[in-house]
2 protein chains.
Amino acid sequence: MTTPDPNAIAILGGTGDQGLGLALRYAAVGRPVVIGSRKEDRALTAAEEVREKVPDAQVSGFENAEATQRAEVVILSVPFEHTAGTIKSIKEVLVADQIVVSMGVPLATAVGDGPLRTVGVWQGSCAELVKSLLPAEVHTVSAFQNVPAHRLQHLPDPVECDVIISGAKAPRERVMALAEEIPGIRSVNGGPLANARYVEEWTALLIGMNIRYKVPEGMGFRLTGLPE
Amino acid sequence: MTTPDPNAIAILGGTGDQGLGLALRYAAVGRPVVIGSRKEDRALTAAEEVREKVPDAQVSGFENAEATQRAEVVILSVPFEHTAGTIKSIKEVLVADQIVVSMGVPLATAVGDGPLRTVGVWQGSCAELVKSLLPAEVHTVSAFQNVPAHRLQHLPDPVECDVIISGAKAPRERVMALAEEIPGIRSVNGGPLANARYVEEWTALLIGMNIRYKVPEGMGFRLTGLPE
């Protein structure tokens, strides 16, 4: 049994655009990054890609359950339709006080419709679906849904996005601090996990505006009036 | 029968915080403003309040149906639970090509719950509810849901908010231009009216963050990465 590293960040679905972006950003600031995938060889390939762009990266690649055991904070960056399946595949190896970060959005692509619309989630949001499937002693925090993959992957520029983070106080504050390690991210306290639904839905609106305004690198937002 | 003035803006519920704020802003930029209310005397009082703060204001006050007949653009600024009732009270006097701007948000206060949560709307959003109740030849546009009342009312400062506006192309573009007459507002094309649901829901999240961060004047947002 591996003890989860309190400094490391595991990114399940770290082979996807947004997950890989987070892996690059955390590797670039010196965090140990563990990329998880359903197939170990894809995780290893993604880890290699991170090492190419961040030569001194501490990065490794594993199958999802293996990756989960190696970091206290586990970011779930899989398409919405793989959320429940991924949780089931890691549930047995999670230990008390690990934090699972939900960044999923219930885009209607999950049912073959388009990304400008969402599907309803019985629990209220992807984050609450995640929480409903996890053991009670594992924390769920919602974050990163509105950060475009291209901005994450383009290391020379700061991300320039506010990230609204919700969940119970202690794990939320930990993820808020973690998010701010990425240049250009400002963390905003989004309150209880149920508020994840607002943030998730916003992604579908942003995707539509990116298409309408032809912004392939993706828009983010900054709150105005937020106290320093 | 009065012909709706193409330059005027009617604001139904112009006696409320946000409606009054819009009345002040449009009066301040020289637009004729018609304040509507269920009670004419309340509309007259609000018009007087606008004249006190904007001495050269062209502002009048009428009962809602009277106000509706006096402006091509009619902003609906009533609490969500009065939406359908207000539409019913003005439906008979609306004429082809008038534009009704929905700025309502289905906050759960409508059913005695709090403003940090929303209720589901059968049609998808308050804006779509409005559209469903209007004659087909009247346009519905969604706008202004995320602009805090205090910022609107505080004339010395620009509002500093992006406003996401959705609806059919021609009326949407007209409202986008109108919104930008208010200092500090940038209009963003939010696409079809159905996208109003994302913008409306966001208000409940913003209200929660205003409480959490103690920002009585209210937060807004700016999109980052939007082309000039």
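Placed above this text is the structure.
The structure contained in this document is the topic of the report that follows. (Residues numbered from 1 in each chain as written. Chains lettered and ligands numbered in written order. Predicted model: local features only at pLDDT ≥ 70, side-chain atom pairs only at ≥ 80, totals over all residues. Heavy atoms only, no water.)

1. A word on the sheet that holds strand 1 (residues 5-12) of chain A
Residues and elements named next belong to chain A. The mixed open sheet is built from 8 strands, whose spatial order is 3-2-1-4-5-6-7-8. Looking at strand neighbours, the two that pair on one side only are strand 3 (59-63) and strand 8 (185-189), the edges of this open sheet. The sheet shows a mean angle of 25 degrees between the axes of neighbouring strands, taken without regard to direction. Pairing of strand 6 (residues 139-142) with strand 7 (residues 161-167) involves 2 bridges; the strand directions are antiparallel. The residue of strand 7 that forms the bridge with V141 is G167. (Pairing = 2+ DSSP bridges. Helix = DSSP H or I, 4+ residues; strand = E, 2+ residues; numbered from the N terminus. Axes fitted to C-alpha atoms, helices over the stretch in contact; angles between N-to-C directions.)

2. Focus on the pattern of salt bridges
Residue and element names in this part refer to chain A. The final tally for this structure, using the stated rule, is 20 salt bridges over all chains. With a closest N to O distance of 2.8 Å, R117 and D113 form a salt bridge. By sharing partners, the salt bridges in this structure join E160, D162, R186 and R222 into a single network. (Salt bridge = Lys/Arg side-chain N within 4 Å of Asp/Glu carboxyl O.)

3. Quick word on helix 2 (residues 40-53) of chain B
One turn of an α-helix holds 3.6 residues; hence residues three or four places apart share an orientation. All names here are of chain B. Taking 1.5 Å as the rise per residue, helix 2 with 14 residues should run 20 Å; its terminal C-alpha atoms sit 20 Å apart, in good agreement. Listing the buried residues of helix 2 in full gives A43, A46, A47 and V50. Down the axis, helix 2 shows its buried residues gathered within 105 degrees of arc, on one side only. When the buried face of helix 2 is taken as reference, the exposed residues oriented beyond 90 degrees from it are D41, T45 and E52. (Expected span 1.5 Å × (residues − 1). Buried < 20%, exposed > 50% of the residue type's maximum accessible area, 1.4 Å probe, protein only. Arc of directions from axis to C-beta.)

4. Some remarks on the side chain of S102 of chain A
Residues and elements named next belong to chain A. With respect to the element layout, S102 can be found in strand 5 (residues 99-102). Residue classification places S102 among the buried residues on the basis of a relative accessible area of 1%. Residues in contact with S102, not counting those within four places in the same chain, are C126, A127, V130, V141, S142, A143, Q145 and E200. (Contact = heavy atoms within 4.5 Å.)

5. Description of unusual backbone geometry
Phi is positive for E160 of chain A, which is not a glycine, with a value near 55 degrees. Tracing the chain through its elements places E160 of chain A in the loop between helix 6 (149-153) and strand 7. Residue class for E160 of chain A comes out partly exposed when judged on its relative accessible area of 34%. We note that K214 of chain B has phi near 55 degrees; this positive angle belongs to a residue other than glycine. In this fold, K214 of chain B is placed in the loop between helix 8 (196-212) and strand 9 (220-224).

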